[in-house]
Amino acid sequence: MEILFTSVQDCLSCKNLDPITTTVTHILRKCFPKEHLPVATVRSSYFFPLPGNAKAEPPCEGSEGDYESDGEEEVEKDLDNEDAESKEEDYDLETDVNKLRSRPVLDRPEEELGQYEAMCPELSHNFQELESESEEEKSLEDKTESLPSTPSHFIPSAASVKHPNYRWRNQSVTETGPDPREKDFKVPLQSWTKKEKCRWDQTDEKRDTAEAAQDADSCEVEDPARSHVLALYPLSKDAVWYKKMLYPECKSSVNPSPGGRLESSDIVTNLLEKHQGDIPFHSPRFYIARAKCVKSIPDYKDLAFPDFWGHQPPPYSKPMLERKYGVQRDKVLDDVRRLIQPGDVIGRTVFDLDEPSHSSPGAPGCLTFFSKFESGNLRKAIQVREFEYDLIMNADVNSNQHHQWFYFEVRDMKPAVPYRFNIINCEKFNSQFNYGMQLVMYSVKEALQGRPRWLRAGHDICYYKNHYRCSAAAGGGMRGEFYYTLTFSIKFPHKDDVCYLAYHYPYTYSTMMSHLDILEQNRNPKKVYWRQQTLCQTLGGNLCPLLTITAMPESRDDLEQFYSRPYVFLMARVHPGESNASWVMKGTLEFLVSSDPIADLLRKCFIFKIVPMLNPDGVINGNHRCSLSGDDLNRQWLTPSSQLHPTIYHAKGLLYYLRSIGRAPLVFCDYHGHSQKKNVFLYGCSIKETLWQAGCMVDTAVITEDVGYRTLPKILDKVAPAFVMNSCSFLVEKSRESTARVVVWKEMGVLRSYTMESTYCGCSHGLYKGLQLGTQELEEMGSKFCLGLLILYLKSLPCSKKVMAQAALLLDLEEEITDRAQRSCSNSSLETDDEPPCVEEIDYNTDSCSDGEDDFSELDQEIQECLSWVEGETEDEGATTGQTCSSKALRGLYISSQPASNSTALPLRSTALGAYSGFESSPV
């Protein structure tokens, strides 16, 4: 190996010798001795005992068994949601028409559905306040319309908390504000530095004894044994800049505690006073109040500074990173050098989550790492050379896999020095890091200087298979795993800064909860009906919020229309590592409660049921994919367990209840993130497209299908810059039969049941082509999704003349059409490859299926027939009291910038072409 290594060094400078260099590099990699990861066990450092008869094996020591053969026929696994894209994917398609048509029976006794009536208070609320508005409500309206910039904010307590007997209590809550019986919980300026319980004031005399007893059982009253101090420690030992920034008038030094931790209330006070409060919908005080209530397995004592301080998107978008020629080969040869020339290898553990006493933090010239905070994930850090570190991620709780998400703090760096980081236990066989994606970094010093933002960072980034293996014994009896390395280099901008590195823009549970608090404060209670309830408690004892958002009726004459509004059901963050889904959801929520006239009209059209975070425990504990049970919750929708998968069980129960009362959602959408494709797109469900793709004969006389499932993605393709129709898929795979999208489609009869996938990377088409998506673009996608829903409503459902008049006035889509015209290439053009070819050979399969839209000629013909039929019907319906929207502005959405002739025409509204599987049309 040493001879080969020395020889190849002489060939690197000559590109004509690249074939020889590549061959020698492959030989060196094959000869590299296989070894275990430098951890005691590959199982998670965190263990959670499961309830009932479910067993979770605690972490066990991995044995030194034989290594698995590194054969050429490696079985690649890709467990990301809807990610299994290989040459054999057609074999996964469901071709049994009976299974596609079937609607299974309830997975629970029908009488249990009654408990979800409390989750739909909007259907029984009498709105007496429309007749006589109390002074209390007027005061609340005044306070909401002009929020003070004072340090104190108010946090409403949640209602309908799930109790151990799984029965739901039905409280009467005034919809124009918090329950008047509930006291407001004020957050003093420095309360978060003190050791105190997380509790709500329950001394209101109006609350009866029974309700108080119930509240005492809820998670809002925290066990005193779980009370903890929350601290920030963004101060390095020699961070003079920090002392000057906080104490410009004081020349004396500020001494941190021995662990480098700040517990001085003066420093906290200075931090809060320095915060400008100019980050929309974020408040450090709201955040800390919510963070104190979080229940985690490690019992977090610390806050990550970025989550506390907030994030402000940069005023620019960063292009995708151009891959430097030969970067992977250079990194691999550098790894080989460790084995052949170990003289400069340090091999010192500087951070160890399992054995903190074994780590050597604070050594001269050594970085200091930390990850024990909400959503943090870093298990071990080993200093390889002076400026190089091997990093190991923690597996999901009660699991030995799903290593992808990382989020950790690093400090004590030198400026302008390229530090190399190698995350050595990645599992996916390919990554967007090979195609222009960068990780994100947050600098505390930059934030305190007025630039609080996560930025794309890193250079010399590549992702490749390494020499580490997981034995069958260490892997819990599984076949030996292959691991991959994500390597990147970073030059930190400041000396002794405190920086945070993450896989993608973090969005914690406390961020979400505090965001909901602020939204409730900022909404106009006379316009926005807002109800925040608790869907259930999680395994870890955290609340899973359920939101209801719609428009307040203007008068009692509007109540009939209010009660009959169709439902839209939205969910996000079932996979904890998909933080981009939360940023999209953030954009959706902020738009829905905004004063935008389009948002106001949208609220009058729909009732929104929203679960903004389906897997709080996973998000809190730094998981990538699973809940505390070690299960992928998006594979549990067929038969969820009320004990092990409570959020799925009760979300499905609520959907069952809506269907049972004839109010199945018009649209169901589950927000996700996609790690292997660019753009934003939808997965939907279609019998015909699935059968055609599988090569099956389709008798259209027997199998009829409403093509309305394509309407919403076609609309989004035209109004959302990041959305690409040709990346969408409407196939139903066997391996996806237990996902939310498929189960809601089959069991609830929801035609428009989708998974919305947002890339971690960037866009290959349209206005954002060549750019990495930031939080601003993700939030924009959430708001554009709302616009798409409004257009869908106007084109698919009978509308009153009043709504039509408002729509014609508001939906002048010049801006969207202008954005469309500015796109450098049409979204309708066929996409031949999801990824461009790399400039160097990669030794694993990088093929991905084409995102081009298959030519379903028969489907095209059916849609065209439907279109011509609808246009005729629209003319006939013009004289009726309820009419389909046909304004020039809306029709222009489809007429202008029409795609090339190879694209599929879109019906102006969904027409029932037949109940293909016995489903009735979703009631509206």
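Draft legend 1. Seen up close, the overall build of the chain. Counting secondary structure elements, the chain contains 25 helices and 21 strands. Counting contacts in the chain only where the partners sit at least 6 residues apart, residues at least 24 apart contribute 81% of the total. Put simply, the chain shows about 35000 Å² of open surface, and 50% of that area lies on carbon and sulfur atoms.

Draft legend 2. Structural view of unusual backbone geometry. Non-glycine residue Asn 398 carries a positive phi angle of around 60 degrees. Inspection of the secondary structure assignment puts Asn 398 in the loop between strand 7 (388–392) and strand 8 (407–411). Taking the relative accessible area as the measure of exposure, Asn 398 reaches 10% and is therefore buried. If you check the backbone angles, Arg 573 has positive phi at about 60 degrees while not being a glycine. Relative to the assigned elements, Arg 573 resides in the loop between strand 17 (567–572) and helix 14 (579–592).

Draft legend 3. Here's a closer look at the nonpolar core. Ranked by internal contacts, the top residues of the largest apolar core, which has 149 residues, are Phe 369, Phe 421, Tyr 500, Phe 608 and Tyr 671. Ranked by the residues each element gives to this core, the list is headed by helix 21 (residues 775–796), at 11 residues. Residues contacting Phe 421, with those up to four places away along its chain left out, are Leu 367, Phe 369, Tyr 389, Leu 391, Leu 486, Thr 487, Phe 488, Phe 492 and Leu 501. In terms of nonpolar packing, the next biggest core, distinct from the first, is built from 32 residues, Tyr 116, Met 571, Ile 648 and Tyr 656 among them.

Draft legend 4. Inspection of the sheet that holds strand 15 (residues 528–537) at higher detail. Spatial ordering of the open sheet is given by 15-16-18-17-19-21-20, a layout of 7 strands whose pairing is mixed. Every other strand in the sheet has two partners, leaving strand 15 and strand 20 (680–683) as the edge strands with one partner each. Strand-to-strand twist in this sheet, taken as the mean axis angle between neighbours without regard to direction, amounts to 20 degrees. Relative to strand 21 (residues 752–759), strand 20 runs antiparallel, the two being bridged by 4 bridges. By the bridge assignment, Val 680 is partnered in strand 21 with Ser 758.

Draft legend 5. Region of the structure containing the packing of helix 15 (residues 597–605) against helix 21. Here helix 15 crosses helix 21 at 55 degrees, and the two axes come no closer than 10 Å. What the angle tells us is that helix 15 and helix 21 run oblique. Seen along the crossing, helix 15 lies across helix 21 with a hand that is left-handed. Contacts from Ile 598, Leu 601, Leu 602 and Cys 605 of helix 15 reach helix 21 at Cys 786, Leu 787, Leu 789, Leu 790 and Tyr 793. Across the contact of helix 15 with helix 21, the residue classes break down as 9 nonpolar, no polar and no charged.

Draft legend 6. Broad picture of the environment of Ala 599. Of note, Ala 599 is situated in helix 15. For Ala 599, a relative accessible area of 0% gives the class buried. Setting aside residues no more than four positions away along its own chain, Ala 599 makes contact with Phe 591 and Ser 594.

Draft legend 7. Broad picture of the packing of aromatic side chains. Applying the stated criterion across every chain, the model contains 35 aromatic pairs. Grouping aromatic residues by their ring pairs yields a cluster made of Phe 369, Phe 387, Tyr 389, Phe 406, Phe 408, Tyr 419, Phe 421, Phe 433, Phe 488, Phe 492, Tyr 503 and Tyr 760. Positioned above the aromatic ring of Phe 482 is the side chain of Lys 465, whose terminal nitrogen or guanidinium carbon lies 5.2 Å from the ring centre. The ring centre of Phe 681 lies 4.6 Å from the NZ or CZ of Lys 677, which sits over that ring.

Draft legend 8. Representation of the confidence of the model for the chain within the structure. Averaged over the chain, the pLDDT score is 75; the fraction of residues at 70 or greater is 67%. Note that residues 246–264 has pLDDT below 50 and, in this model, 29 contacts with residues that lie over four places away or in other chains.

Draft legend 9. Geometry of the environment of Leu 712. Along the chain, Leu 712 turns up in helix 19 (residues 711–719). Along the primary structure Leu 712 and Met 725 are separated by 13 residues, whereas in three dimensions their C-alpha atoms are 9.9 Å apart. For Leu 712, the residues in contact, after removing those within four places along its chain, are Val 667, Tyr 754, Phe 785, Gly 788, Leu 789 and Leu 792.

Draft legend 10. Expanded view of the sheet that holds strand 13 (residues 481–491). Taken together, the 7 strands give an open sheet; going across it, the order is 1-12-13-9-7-6-4, and neighbouring strands pair in mixed fashion. Strand pairing shows two members of the sheet lacking a second neighbour, strand 1 (35–36) and strand 4 (348–352), which therefore form its edges. Bridge count between strand 6 (residues 380–385) and strand 7: 5 bridges; the pairing is antiparallel. Within strand 7, the residue paired with Lys 380 across the bridge is Ile 392. Against the sheet, helix 10 (residues 327–340) touches strand 6, strand 7, strand 9 (418–426), strand 12 (459–470) and strand 13, its axis set at about 45 degrees to strand 12.

Definitions and cut-offs
Residues numbered from 1 in each chain as written. Predicted model: local features only at pLDDT ≥ 70, side-chain atom pairs only at ≥ 80, totals over all residues. Heavy atoms only, no water. Helix = DSSP H or I, 4+ residues; strand = E, 2+ residues; numbered from the N terminus. Contact = heavy atoms within 4.5 Å. Areas by Shrake-Rupley, 256 points an atom, 1.4 Å probe, with all protein chains shown as cover. Buried < 20%, exposed > 50% of the residue type's maximum accessible area, 1.4 Å probe, protein only. Core = buried A, V, L, I, M, F, W, Y, C linked by side-chain atoms within 4.5 Å. Pairing = 2+ DSSP bridges. Axes fitted to C-alpha atoms, helices over the stretch in contact; angles between N-to-C directions. Parallel < 35°, antiparallel > 145°, perpendicular 65-115°, else oblique. Left-handed = near helix turned anticlockwise from the far one by under 90°. Nonpolar A, V, L, I, M, F, W, Y, C, P; charged D, E, K, R; others polar. Phe/Tyr/Trp six-rings, centres within 6.5 Å; stacked < 30°, edge-to-face > 60°. Lys NZ or Arg CZ within 6 Å of the ring centre and 35° of its normal. pLDDT = per-residue confidence, 0-100.

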